[in-house]
Amino acid sequence: MELKLKSEEDQKIEETLSKIKYKIAVLSGKGGTGKTTVTVNIAQTLADKGYKVGILDADITGPNVPLMLGVENEQLMSEGNKILPIEAGNVKVVSMEFLLEDKSKAIIWRGPLKIKGLKQLIGDVAWGELDFLIVDLPPGSSDEPLSIVQTIKDLNGMVVVTTPQAVSLLDVRKSINFANVTNTPILGIVENMSGFKCEHCGNITYIFAKDGGKNVAKMLNIPFLGAVPLIPKICEAGDIGKPAVKLDDLTKSVFDEIVTKMLENINKEK
Ligand SMILES: Nc1ncnc2c1ncn2[C@@H]1O[C@H](COP(=O)(O)OP(=O)(O)O)[C@@H](O)[C@H]1O
Ligand SMILES: [Mg+2]
């Protein structure tokens, strides 16, 4: 019989995460597809429905959730030996970014140290009662996202973000494989940057391919959550530090639908 003792760190992580009802990770095959945009807007939509929501910015390669929520200059405070998350309106957030003294410097910690830092952060946060923790993972399916998913353990599901080009098809397959390897249900695919609606004539131009994410979802038999068009307000919102669902009606209705489907799929997985 193998007797494996849990480290104090593992116990703390388990204890902290056990108070959270649903843990959902957002992943993508590569950076720049809109993973952080989808993370903050799903979180904000859930919070506005009355759920208690936190975001764990685990993208140690580029932790920019604080920037997109306009809280990048906040400092993490502690209470006893616990870290208090930053409150960005009705969404709580914790990010490695808050631990950087010079925000303009890239994180140059080597992989294993970054994971260690993140593990400490995960175990030490006083989230309080949370309905949802949305985790912004590093892009891809390398050791880094893998270690993070293995640290969090019982994720309730993953949301895969892709752009509609055919090349991202391969990335989606990798993400699906990643979810399978880590034994995590896939709640669905979000196709981001899907067409551009002209503000003057109303015509939709499909700058990338049309329906790429939708087709790949069908082909791989995984749920499709929705398509987010290229919307200038989304880019603007990210730059000024506000979730776009708060600034733009079209974005709000798109994310309302995505979140509704995501909630249906979580309940199916239970
Ligand atoms: N649907 C969209 N319409 C317009 N701009 C977008 C959209 N999705 C993302 N962006 C912008 O594209 C950039 C990359 O998105 P981001 O969410 O940071 O990607 P990732 O986290 O995958 O690297 C950001 O400046 C963001 O505001
Ligand atoms: Mg990002």
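Residues numbered from 1 in each chain as written. Chains lettered and ligands numbered in written order. Predicted model: local features only at pLDDT ≥ 70, side-chain atom pairs only at ≥ 80, totals over all residues. Heavy atoms only, no water.

Draft legend 1. Just the pairing of strand 7 (residues 130-136), in detail. The element strand 7 is largely enclosed, with a buried count of seven among its seven residues. Bridge count between strand 1 (residues 20-28) and strand 7: six bridges; the pairing is parallel. Bridging across to strand 7, I20 finds its partner in L130. Inspection of the sheet shows strand 2 (residues 53-57) paired to strand 7 by five bridges, in the parallel sense. Bridged to I55 within strand 7 is I134. (Buried < 20%, exposed > 50% of the residue type's maximum accessible area, 1.4 Å probe, protein only. Helix = DSSP H or I, 4+ residues; strand = E, 2+ residues; numbered from the N terminus. Pairing = 2+ DSSP bridges.)

Draft legend 2. Spotlight on the nonpolar core. I42, L46, L56, F132, I134 and V159 are the most contacted members of the largest nonpolar core, which has 77 residues in total. It is helix 9 (residues 249-269) that contributes the most residues to this core, seven residues altogether. Not counting residues up to four positions away in its chain, the partners in contact with I42 are I134, V159, F255, I258, V259 and M262. (Core = buried A, V, L, I, M, F, W, Y, C linked by side-chain atoms within 4.5 Å. Contact = heavy atoms within 4.5 Å.)

Draft legend 3. Representation of the site of ligand 1. Around ligand 1 sit 16 residues, and of these G32, K35, T36, T37 and N192 come closest. Take I231: an N or O atom from its main chain is 3.0 Å from a nitrogen atom of ligand 1. Here ligand 1 loses 82% of its free accessible area of 560 Å² to cover by the protein chains. Mapped by element, the contributors of at least two residues to the shell around ligand 1 are helix 2 (35-48), strand 9 (186-197), strand 11 (224-230) and helix 8 (232-240). Of the residues contributing to the shell around ligand 1, the split by class is eight nonpolar, seven polar and one charged. (Near = heavy atom within 4 Å. Polar contact = N/O pair within 3.5 Å; in protein donor to acceptor, adjacent residues only side chain to side chain. Areas by Shrake-Rupley, 256 points an atom, 1.4 Å probe, with all protein chains shown as cover. Nonpolar A, V, L, I, M, F, W, Y, C, P; charged D, E, K, R; others polar.)

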